[in-house]
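# Observations on the three-dimensional arrangement
Here are the chains, one letter per residue:
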Amino acid sequence: DARVTQTPRHKVTEMGQEVTMRCQPILGHNTVFWYRQTMMQGLELLAYFRNRAPLDDSGMPKDRFSAEMPDATLATLKIQPSEPRDSAVYFCASGLVPDGDIATNEKLFFGSGTQLSVL
Amino acid sequence: KNQVEQSPQSLIILEGKNCTLQCNYTVSPFSNLRWYKQDTGRGPVSLTIMTFSENTKSNGRYTATLDADTKQSSLHITASQLSDSASYICVVTPRGTNAGKSTFGDGTTLTVKP
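Cut-offs applied
Residues numbered from 1 in each chain as written. Chains lettered and ligands numbered in written order. Predicted model: local features only at pLDDT ≥ 70, side-chain atom pairs only at ≥ 80, totals over all residues. Heavy atoms only, no water. Helix = DSSP H or I, 4+ residues; strand = E, 2+ residues; numbered from the N terminus. Buried < 20%, exposed > 50% of the residue type's maximum accessible area, 1.4 Å probe, protein only. Contact = heavy atoms within 4.5 Å. Polar contact = N/O pair within 3.5 Å; in protein donor to acceptor, adjacent residues only side chain to side chain. Phe/Tyr/Trp six-rings, centres within 6.5 Å; stacked < 30°, edge-to-face > 60°. Lys NZ or Arg CZ within 6 Å of the ring centre and 35° of its normal. 1 Å grid on protein atoms, 1.4 Å probe; cavity = no way out; pocket = protein on both sides within 12 Å on 5 of 7 lines; lining within 4 Å. Points joined across faces, edges and corners; volume = space filled by probe spheres on them. Nonpolar A, V, L, I, M, F, W, Y, C, P; charged D, E, K, R; others polar. Disulfide = S-S within 2.5 Å. pLDDT = per-residue confidence, 0-100. Pairing = 2+ DSSP bridges. Axes fitted to C-alpha atoms, helices over the stretch in contact; angles between N-to-C directions.

## Remarks on the environment of Arg42(B)
Tracing the backbone shows Arg42(B) in the loop between strand 4 (30-38) and strand 5 (45-51). When its relative accessible area of 41% is taken as the criterion, Arg42(B) is described as partly exposed. Sequence separation of Arg42(B) and Glu5(B) is 37 residues, and the distance between their C-alpha atoms is 22 Å. Once residues within four sequence positions are removed from consideration, Arg42(B) is found in contact with Arg9(A), Phe91(A) and Ser112(A). Within the structure, Arg42(B) has its side chain in polar contact with the side chain of Ser112(A) (distance 3.3 Å).

What follows is the structure, given as structure tokens:
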């Protein structure tokens, strides 16, 4: 079955270190989302891409977070420098969303997430 | 501000019983509403998607209903199984935008006991 693959599954790092999370969306999907999930905040949208172009990263702390899609098979989310408050599970999701920026009933597929702990 | 509120926050039921989870939202204008199931340690999995013109959608033992007038949705689980133990998340997307503008509820944690 096609699925969204995220690596690593777990990451423990020290404050100040750089963290890179990777996502391989489902082949053929044109939209990729990055979400963060914590007990306190639930699921929050960080950024998303359509056809590899960034559409919205307003949910992301831009001073330390960056998201890119170097090619159609890879999306990355980088934190530099990391802080303890960044500890969370980071999910990538992909979907096939029609052009035109109109909401439809497209189905999104989530990866298993990267559990990040910043000490 | 767009909000999605789910109730109850948690629920414990016995295997084989039915249950209903609630979702109230203030997102307007409304485009679609999704229910996701999230197992512990896994990503959310889509159960149902309803546009504003639909008022019910089924997926096996899961049936979602939508009342766009009262801005309420429910997810009914029939003949619960142990594997239904999970968090159920309601997500609402405004009309005229894409899924990136969706608002997520905090989820209902369901525990099914033998």
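Now, onward.
## Quick look at the packing of aromatic side chains
Overall, the coordinates contain 7 aromatic pairs over all chains when judged by the stated rule. For the ring pair Tyr35(A) and Phe104(B), a centre distance of 5.2 Å and an interplane angle of 70 degrees mean the geometry is edge-to-face. You can see Tyr35(A) sitting in strand 4 (residues 31-38) and its partner Phe104(B) sitting in strand 10 (residues 103-104), one on each of two chains. On the basis of relative accessibility, which here comes to 1%, the residue Tyr35(A) falls in the buried class. Note on Phe104(B): relative accessible area 14%, which makes it buried. Aromatic rings pair up to connect Phe33(A), Tyr35(A), Tyr48(A), Phe91(A), Phe110(A), Tyr36(B) and Phe104(B) into one cluster. A cation over a ring is seen here: Arg61(B) above Tyr62(B), with NZ or CZ 5.7 Å from the ring centre.

## Some thoughts on the layout of surface pockets
In this structure, the largest pocket spans a volume of roughly 1,100 Å³. Looking at the largest pocket, it is lined by 41 residues, and the ones nearest its centre are Gln41(A), Gly42(A), Leu43(A), Gly105(B) and Asp106(B). Broken down by element, the residue count for the lining of the largest pocket peaks at 6 residues, all from strand 5 (residues 42-50) of chain A. Split by residue class, the lining of the largest pocket holds 12 nonpolar, 21 polar and 8 charged. Considering only enclosed or pocket space, the second largest pocket measures out at about 440 Å³ in volume.

## Side note on the state of the cysteines
Each disulfide is one covalent bond, formed between the sulfur atoms of two cysteines. Residues and elements named next belong to chain A. Scanning the model with the defined rule gives 2 disulfides over all chains in all. The disulfide partner of cysteine 23 is cysteine 92, and the gap between their sulfur atoms is 1.9 Å. Taking the sign of the S-S torsion, -60 degrees for the link of cysteine 23 and cysteine 92, the bridge is left-handed. Of this pair, cysteine 23 sits in strand 3 (residues 19-24) while cysteine 92 sits in strand 9 (residues 88-95); the two residues are 69 residues apart in sequence, bridging distant segments of the chain. Residue classification places cysteine 92 among the buried positions, given a relative accessible area of 0%.

## Overview of the confidence of the model for chain A
Considering every residue of chain A, the mean pLDDT works out to 90; 94% of them sit at 70 or more. Least confident of the elements in chain A is strand 6 (residues 53-56) of chain A, whose mean pLDDT is 85; most confident is strand 3 of chain A, at 98.

## Description of the sheet that holds strand 8 (residues 74-79) of chain A
Residues and elements named next belong to chain A. The 4 strands are arranged 1-3-8-7 in an open sheet whose pairing can be described as antiparallel. Bordering the open sheet on either side are strand 1 (5-7) and strand 7 (65-71), each of which pairs with just one other strand. In this sheet, adjacent strand axes meet at a mean angle of 20 degrees when their direction is disregarded. Two elements, strand 3 and strand 8, share 5 bridges in a ladder whose sense is antiparallel. Bridging from a neighbouring strand, valine 19 pairs with isoleucine 79 of strand 8.

## Considering the pairing of strand 8 of chain A
Residues and elements named next belong to chain A. As paired strands, strand 7 and strand 8 are joined by 5 bridges and run antiparallel to one another. Residue aspartate 71 lies in a different strand from strand 8, and its bridge partner there is leucine 74. In sequence, strand 7 turns back onto strand 8 through a hairpin of 2 residues.

## What about the environment of Leu21(B)?
Residues and elements named next belong to chain B. With respect to the secondary-structure elements, leucine 21 resides in strand 3 (residues 19-25). Residue classification places leucine 21 among the buried positions, given a relative accessible area of 0%. Taking C-alpha positions, leucine 21 is 9.5 Å from glycine 107, a pair spaced 86 residues apart along the chain. Contact partners of leucine 21, with chain neighbours within four places excluded, come to Ser7, Leu11, Trp35, Ser73, Ser74, Leu75, Tyr88 and Thr108.

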